Every structure is written in structure tokens, then in C-alpha cells.
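Working through the structure, step by step
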Amino acid sequence: MAEAPVVLYEERDSLGIITLNRPEKMNTLTDTVIQGIADSIDRATASPDVSSVIIRGAGPTFTAGYDLNPQAGDRGRGAFQPRFGAKQVDARPGAWDPVRDYAFMGNNMRRFMKLWECPKPVIAELHGYALGGGTDLLLCADLIFMAEDAILGYPPSRVYGTPTTMMWVYRVGLEHAKEFLLSGDQIDAPTAYRIGLVSKVFPKERLSAETEAYAKRYANIPANQLALNKMLINQAFENMGLRTTQMLGTFFDGVTRHTEEALRWRESFSEVGFRETIRRRDGPFEDYGERPRG
């Protein structure tokens, strides 16, 4: 029996619906998942029956970010396409090629940006968690609708990452971008709505229905009108240096994954286990999985 695709795509009632489909892995992002999202955006863009796009996650969460322990089968075709044409060097242990790293992570960033570049409105439907690299994807959507008990944030700010699409400062401004990126603190739904990071908050049981009902309204607006207005809004942010910021964010992400602290943090996966490593990172802040119960 064939395994279910890690990304599902369907068209229904003027909607193109993209579903991350690794619920047993908290919809963590692998190359196969990222390519599936990119391909689905391309399908929705090309379809005359689709007026708007919804992206959501199957199971208990939207996405917990990058899969830090991917298996061989998780590496899709994007992983094997050369991103930087240079001869292989017999590198010493621990050596890091920043250009190869930038080419690889830049490919992920560009595929996330397909949500931004799609001429049709894209609504992200957030339930459970959107963490780390999952926010790099999430914040590329035009609108975010959030379940009232959901959590998002960028805990890799504490060690092992910087945002690659770096939409934070453009969406919430300087003060709040610094508040949450310097600390990595979690953001709950009331806070996300207050700071303008999400458009709407709904009870979890109503989230999908409310999102679909809102998205269907775009079928009453000409496609060229939607495309031009989205392009106009996006261009204002492009003119603020968005692409340059993303170049630096993607490059710095590679740097932060190769500091001495980051290398030791990654080594602790095998020394104390993945869960304990995460606990030690987030425990002092008492957030994400280390929130006090009750």
C-alpha cells in the first residue's frame, strides 16, 4: 500500500486547499514537504477554478518547523538538484561552506515565497503550533487566521537559527520584531492579534469553516483585480528592502547553525536526546512544550 503524500492538494468551491500531511511528525518540514507546497501553489496559480488558496496542517498542529532528524526518504527531488555549481572539496571534519549552505537554504526560502508571489490571495490557517522554520512559511501568506489556543514563535532565536524569509519586521514593526526575535518567546493568539501578526482568531472547532467561508468571498472579485492589488501591496514592502533582508537572514541562519554553541547544541541530540535538548533550551523561558501545566 502506497504511503499518503506528505502534502495534499484539492480544489473545491473556488478554493485551492493545501494540507501539510505529516501529522505523526507534527507536519515538520522536509525537502519533500517544501517542494509539495511549492508545487501546490503552482497548481492553484494555474487553475482557472481557484480564486484563493488556503494552507493548513493535518492532525494536531500546523507545523513544528524543520525536521531536524530527517530520514533518507524525506529528501525529495529538490535536495538532489545542484544549487551551487562547484567542484566537491575533500573537506576536513567540521568544515562549512557558507555558499553551499546559502544555496540550499535559499532554495527553501524561495519556495516559501511562492505564497507571497502567488497572484491569488493565500490564507494560512494556524492551529496547534507554527514554530521556527514553520513561521518562515506561515508569514509569507497574505493573511493568517489563528485558532484561539494556538501558539507561534521562533525559538531558534535562542540557538541554531535566524528567520530566512524574515517577514517579522515588515508585519509587526520594529518594537515587536525585536521583542519576539531577540527572546524567541512564544506568541499566543490574543498577543498575535493585538500586535497585528494575524488577521482573525477563532475557536479551534470553527477555524476551518470560518477560513473557508472568508476565502470563498474572493470568487466575487475579478482575478486580475486581486492580482494587481496584491502586487501593489507587496511592492511597497519590496521597496523597503525585503529581498535584501531575506538574503541576510538566510546567510545568517547558516552562520548561527555553525557557531560553537550551535554545534554543541546539535551534538546534544545524541548525548541526551532530542526532547531533553529542547527542554533545556526552552525550560528557562517556560514556554512552548515547557509551559507550566494548569
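On a predicted model such as this, the values are computed, not experimentally measured, just so you know.

Observations concerning the side chain of Asp101
Residue position: Asp101 is located in helix α3 (residues 98–112). The exposure class of Asp101 is buried, given its relative accessible area of 11%. In contact with Asp101, other than residues within four places in its own chain, are Trp96, Gly254, Arg257 and His258.

Some details on the nonpolar core
One finds Ile55, Leu152 and Trp168 to be the most contacted residues of the largest nonpolar core, which totals 61 residues. When near neighbours in sequence (up to four residues on either side) are disregarded, Ile55 contacts Ile18, Leu20, Ile37, Phe62, Leu115, Val122, Ile123, Ala124, Glu125 and Leu137. Core analysis: the next-biggest nonpolar cluster, separate from the first, contains 6 residues, Val159, Ala262, Trp265 and Phe269 among them.

A short note on the pairing of strand β2 (residues 15–20)
Across the 6 residues of β2, 6 count as buried, placing the element largely inside the fold. Here β2 shows two buried faces, one formed by Leu15, Ile17 and Thr19 and the other by Gly16, Ile18 and Leu20. Where strand β1 (residues 7–12) and β2 come together, 6 bridges link them in antiparallel fashion. Bridged to Val7 within β2 is Leu20. In this fold, β2 hands off to helix α1 (residues 31–46), which returns the chain to strand β3 (residues 52–57); that crossover is right-handed.

Here is what the cut-offs are and how they apply
- Residues numbered from 1 in each chain as written.
- Predicted model: local features only at pLDDT ≥ 70, side-chain atom pairs only at ≥ 80, totals over all residues.
- Heavy atoms only, no water.
- Helix = DSSP H or I, 4+ residues; strand = E, 2+ residues; numbered from the N terminus.
- Buried < 20%, exposed > 50% of the residue type's maximum accessible area, 1.4 Å probe, protein only.
- Contact = heavy atoms within 4.5 Å.
- Core = buried A, V, L, I, M, F, W, Y, C linked by side-chain atoms within 4.5 Å.
- Pairing = 2+ DSSP bridges.
- Right-handed = clockwise from strand over helix to strand, strands pointing away.

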